[in-house]
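Below, each chain spelled out in residue letters.
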Amino acid sequence: MADGNANPFSARLVALLVLAGIVAFLGFLFLTAYAPQLKIRGGNGVSPISKSAVGFYGLYHLSETTGRRTDFTQSRNDWLATGFMIVTIEPGTDVAKLKTLVAERRGTEGTKTLYILPKWMTSPIFGKPDWVQQNGTLDAAFSPDLLAVFGRIKFAEGKAVSGGRVRGVRGSEMAGVDVPMPRNPHFIVSGMLPVLVDTAGRTVLGRTDLHNGAADYILADPDLLSNMALKTPQGARSALEIVDALRASTDDSVGFDMILNGVDNRNLLQLMFEPPFLAMTLAVLAAALLVGIHAFGRFGPALPEPRAIPFGKRALADNAAILLARAGAVRRLGDRYVAIVRESAAIALGASALEPGPLEDWLAQLPGVQGCDFATLAAAARDAKDSEGMRAAAYALHHWKEEVTRDGR
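Residues numbered from 1 in each chain as written. Predicted model: local features only at pLDDT ≥ 70, side-chain atom pairs only at ≥ 80, totals over all residues. Heavy atoms only, no water.

Peer 1: What am I meant to see in the overall build of the chain here?
Peer 2: A tally of helices and strands in the chain yields 13 helices and 13 strands. Residues classed as buried in the chain amount to 38% of the 409 residues present. Across the chain, the fraction of contacts at a sequence separation of at least 24, relative to all contacts at a separation of at least 6, is 64%. Of the accessible surface of the chain, which amounts to about 23800 Å², a share of 60% is contributed by carbon and sulfur atoms. (Helix = DSSP H or I, 4+ residues; strand = E, 2+ residues; numbered from the N terminus. Buried < 20%, exposed > 50% of the residue type's maximum accessible area, 1.4 Å probe, protein only. Contact = heavy atoms within 4.5 Å. Areas by Shrake-Rupley, 256 points an atom, 1.4 Å probe, with all protein chains shown as cover.)

Peer 1: What should I look at first to understand the pattern of salt bridges in this one?
Peer 2: Any two side chains of opposite charge can pair, so long as their charged atoms come close to each other. Summed over all chains, the structure comprises 14 salt bridges. Ionic pairing is found between D223 and K119, a salt bridge with its closest N-O pair at 2.9 Å. Residue D223 is located in the loop between strand 12 (215-219) and helix 6 (233-247), and its partner K119 is located in the loop between strand 3 (112-116) and strand 4 (120-125); the two are separated by 104 residues in the primary sequence. Judged by its relative accessible area of 1%, K119 is buried. (Salt bridge = Lys/Arg side-chain N within 4 Å of Asp/Glu carboxyl O.)

Peer 1: Before we go on, may I ask you to explain the packing of helix 12 (residues 374-382) against helix 13 (residues 387-405) in this structure?
Peer 2: Working note: a packed helix pair is described by the angle between its axes plus the distance between those axes. In contact at an axis separation of 8 Å, helix 12 and helix 13 are set at 155° when each is read in the N-to-C sense. Between helix 12 and helix 13, the interaxial angle falls into the category roughly antiparallel. Crossing hand, helix 12 versus helix 13: left-handed. Of the residues in helix 13, those in contact with F374, L377, A378, A380 and A381 of helix 12 are M390, A393, A396, L397 and W400. Its residues placed into classes, the contact of helix 12 with helix 13 shows ten nonpolar, no polar and no charged. (Axes fitted to C-alpha atoms, helices over the stretch in contact; angles between N-to-C directions. Parallel < 35°, antiparallel > 145°, perpendicular 65-115°, else oblique. Left-handed = near helix turned anticlockwise from the far one by under 90°. Nonpolar A, V, L, I, M, F, W, Y, C, P; charged D, E, K, R; others polar.)

Geometric descriptors of this kind do not, in isolation, establish any biological role.
The structure is reproduced here in structure tokens:
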């Protein structure tokens, strides 16, 4: 017959359940902390890690796998790094953040920065998170406030020329680039030096030289470098030619900015998982683990804390005695206790009408108890110097009163 009181959960099973709960909770905290960054990993926007047609993951992967030193920019301190950086811009890009990036890049000597403007209006495709559907092109001046960050530069949209090409300007750093003209090309009307132009002479990629050796490049038509442009071998070779021409005379690196695409959305919860606060998080987890081990290894049930002051008359009397002892009032209690015993004995013996002095003389004439009369016991109580002497004298007086008044029988 099965034991109905048997515990269906073993200690090992309970420990595993608790451990699983802790791991799940930490995972929840981690995902909550880094949700903004994880949300843009992949996706269908125009970020450097987007694998959609309008994204630039292909350029990042191509640059990295062909031996070029390639990395993501995930901290604002990286904006001040000398080298070549690619910045992809969306219609909803934060204007203030972009203004800060442009100012810091321009203020760093010897930098080269390529800003790629958006072109297509897209919408996600249900069931295919890395795919997009094109819904037409953006207006070339899609956001005047955002474009005004670069200065007095005018943009426009034109029509593709049949058999048209995009070529590097003779004598420029991209003189060897020659690729087909994109559909519905966007170009720069004025305000920048031409670097790449189409068959009609319109500037597709422009440059602004700065006084400290830095340079800004703006690509008005992203179809030259996006994932869509890399679908052919010629498009991939042309994209690498553009990247190599821009990173020349820098520190030979290729940086893809991720801050404008949401990586900079930091929160306080991330501090738990990053130095220097990661050490504190690990210390708290270790302390919690030790507490758990101690709880599982404890013998017997937890015992309640005893009361500081117990119930009952005896406890009340003991506490009063302790207070009196600490106050140093023991030596003053002898005469008062003698008076209490004297009055109690007088009432019991019918001699309450006598005054204290004659009453004590009368009580002293009564038969003694164990060889001690009232006068001797009263003198011992009045002469007690400490708690032990007072307790012994009080006990003797109490015993004398019980014998004389017959209260103990």
